[in-house]
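Architecture at a glance
This is what each chain is made of:
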Amino acid sequence: MKKKIILALSFAFLALLFACSQKPQQGVQDSSLVELIEMDFLGAGATFPFPLYSKMFDEYSRIRGPKVNYNAIGSGGGISQLIEKTVDFGGTDAPMKEEELSKAGAEIIHVPICLGAVVLSYNLPDNPPLNLTAEVIAQIFLGEITKWNDPKITEINAGISLPNTEIIVVHRSDGSGTTYIFSDYMTKVSRDWAQKVGTGKSLEWPVGIGANGNPGVAGQISSTPGAIGYTELIYALSNSMPVASVRNKAGKFIVPTIESVSASADVNLPKDMIVSLTDTEAEDGYPISGFTWIILYRDQNYGERDEKRAKELVNLLWWMTHEGQVYCEELHYAPIPQKAVEQVEDLIKLVNFGGKELI
Amino acid sequence: MNDRIFRAMLYASGAIIFVLIAGIFLTLFISALPSVKALGHSFLFGTRWNPQSVWEGENITLGAVPFLFGTISTSFLSLLISIPFAFSTALLLGEYMKKGFFFAFLKSSVELLSGIPSVIYGFWGFSVVVPIVRAFEIKTGIPPYGVGIMTASLVLAIMIIPYSASIIREVLHLVPTELKEAAYSLGATRYEVIKNVIFPYARSGISAGLLLALGRALGETMAVTMVIGNLNSLPASLTSLHEIHKTIFSPGNTMSSIIALEFNESSGIHLSALIQMGLLLILVTTIINFIGRIYIKKTDKSGKD
């Protein structure tokens, strides 16, 4: 009898310990009231938002139940898997091309989840803060400006001394959404660039060396004196790399930060949200920013899907673009600006099941 | 009965291998077909690689020449660099030291070299070889990229040494002791025995070892990708006579590297052209192997006579 009491007490004690060790988390309180839904979603696509998505999906499954499995296989892979209908949704950094849309057969909705930006990082003696304009960036990456003390660079960087050394251009060698956003900006602001290089995930680079992935580019920049290259904002911020301010359309030199990237979407956006934000008109917006989207079929009634599944998918998107946005900043992603969220809501409401509204 | 089942199993597994190989080739070929149709011979002779052109208009420029150049230059250069090291290691292990602690240590070190994953070689190349090459480039007035064909060849050379060294060592073992002893009894020095007896006898086997190493260099992807600089065009210095010496220090790219790099984010003709690049790589490897085998057969005869 005594033994049993001791056993029961120790169990109670253990349970108490366990309860205390569980950190109070956002939304956990609600979860005890709402029944957790058992469902598995499969997504695939862009690698850029992968850290954010994993965090969001992890939290979501704790709060609401559905488990989401996201494979970061690249935007191109995400698009083709959605077209082949092997995933519930895709993720992409570049809107789908006409050709891909026609292959899909049915209407596809692009829901923006957050914003990313491409920053220019460099390796100079003592790494002074650097100002760059679109023309200068284009000429450097086209191989027309080859020395750091070129008058075109020094005239926008009064007060800092730039060495008489060769500029070594570093770019991404793997196909990537980062290259897409960067070249999209270059194409908008430089006629020369548009003619000679253009926009895309893999480009024909006139000069420089390529490196694989953000870590590759960062490594190459930090080890090569006189190097300049582009990486994702989150990568530069979390590795404290020097980043250049870029002059935007309003004529201001903008330091890339989460705020200035979010601000770039502070413009009139089209209804379908398929928009390139580079060279934004927003006064305080950083000019090399862009949305990353989740793509899905507007009519969810295809294959063997049922209405419940469609409804849960819409709920997931709603959560990601609302409550889920709080996870953006801690991971250095820029959240969707408040003004744009309403438009995103209208967009999510378009998703239906055989014509039936889901939200 | 048991015997028949056993035999049937053997036949079945043989057939499965054949079906697999045929299947791989068939899928590769079918996937490459769109690009074969769209690009024609411009794929083989084109010197520009512009994936963007697939989406822009009628003139698709996806040429394999820069990558052919990169693959062939890095693998032959690395073979050239590795030969003296492979030879001396093999001779040391095969002729000078046949047992003992240092022998066992060196032998297992060479074997260990072949077991290191290539991404580790790439990382090591990036953090050690690249700065050394860069320092050399700064001193000699070549643009200090650090990465490039030379760096890739240096890393590759170290990767392929164990392959040729261990085969050459085996081949040296096959040289009949009587032959060597006969030479020694005539008063030949060790060096003379190696030069005049062992080397001629083992020549074809040595070539086979080098061929294996070359094959490894041709297909190596990860380590090369990390240190070659990934520039998808022919080195600019190739076209001017004054600067041709800079070519081996300029950035480039190889066939396997471009496939690994662009495969993820490619679609349409671009994807198809990458698969065609894979087929071309298989073809190049086969041709080089074929030429090598003919050479081995020829030297084999003269070696025995």
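Bear in mind the structure is a predicted one, so any value in this text is a computation, not a measurement. (Residues numbered from 1 in each chain as written. Chains lettered and ligands numbered in written order. Predicted model: local features only at pLDDT ≥ 70, side-chain atom pairs only at ≥ 80, totals over all residues. Heavy atoms only, no water.)

Here's the deal with the domain arrangement of chain A
Quoted interface sizes are often the accessible area lost when the parts come together. Residues and elements named next belong to chain A. What the domain assignment reports for chain A is domain 1 (30-115 + 290-357) and domain 2 (117-289). If you average the C-alpha positions of domain 1 and of domain 2, the two centres end up 29 Å apart. Facing the 24 residues of domain 1 at the interface are 26 residues of domain 2. Interface area, domain 1 with domain 2, both sides summed: about 2,200 Å², of which 66% is carbon and sulfur. When the area that domain 1 buries against domain 2 is broken down by residue, the three leading residues are G290, H332 and Q343, summing to 26%. Viewed at the interface, domain 2 and domain 1 are joined by 1 salt bridge. In this structure, D266 and K339 form a salt bridge, with 3.8 Å as the shortest nitrogen-oxygen distance. Among the elements of the structure, α4 (75-83), β4 (108-122), β11 (289-297) and α15 (338-349) are those that each provide at least two residues to the side of domain 1 that touches domain 2. (Domains from an automatic or database assignment. Contact = heavy atoms within 4.5 Å. Buried area = accessible area lost by both parts, 1.4 Å probe. Salt bridge = Lys/Arg side-chain N within 4 Å of Asp/Glu carboxyl O. Helix = DSSP H or I, 4+ residues; strand = E, 2+ residues; numbered from the N terminus.)

Some remarks on empty space enclosed by the protein
All names here are of chain A. Tallied over the entire structure, the rule returns 3 cavities of 30 Å³ or more. Taken as a whole, the largest cavity holds about 100 Å³ of empty space. Per-class residue counts for the lining of the largest cavity are 3 nonpolar, 8 polar and 5 charged. Lining of the second largest cavity is provided by F48, D93, G116, A117, V118, G177, T178, I181, E232, G290, F291 and T292. Contributions of two or more residues to the lining of the second largest cavity are made by β4, α8 (177-189) and β11. (1 Å grid on protein atoms, 1.4 Å probe; cavity = no way out; pocket = protein on both sides within 12 Å on 5 of 7 lines; lining within 4 Å. Points joined across faces, edges and corners; volume = space filled by probe spheres on them. Nonpolar A, V, L, I, M, F, W, Y, C, P; charged D, E, K, R; others polar.)

Observations concerning the pattern of salt bridges
Applying the stated criterion across every chain, the model contains 20 salt bridges over all chains. Each of A:D88, A:R305 and A:R309 takes part in a single network of salt bridges with overlapping partners.

Some points on a nonpolar patch on the surface
All names here are of chain B. Residues L92, Y96, F101, F102 and F105 make up a contiguous nonpolar surface patch of about 560 Å² in total accessible area. Residue assignment for the nonpolar patch shows that the elements contributing at least two residues are α4 (65-96) and α5 (101-115). With 3 residues, the top contributor of residues to the nonpolar patch is α5. Its location among the elements puts F101 in helix α5. For F101, a relative accessible area of 69% translates into the label exposed. (Patch = residues over 30% accessible without salt bridge, like charges linked within 9 Å, V, L, I, M, F, W, Y side chains within 5 Å. Areas by Shrake-Rupley, 256 points an atom, 1.4 Å probe, with all protein chains shown as cover. Buried < 20%, exposed > 50% of the residue type's maximum accessible area, 1.4 Å probe, protein only.)

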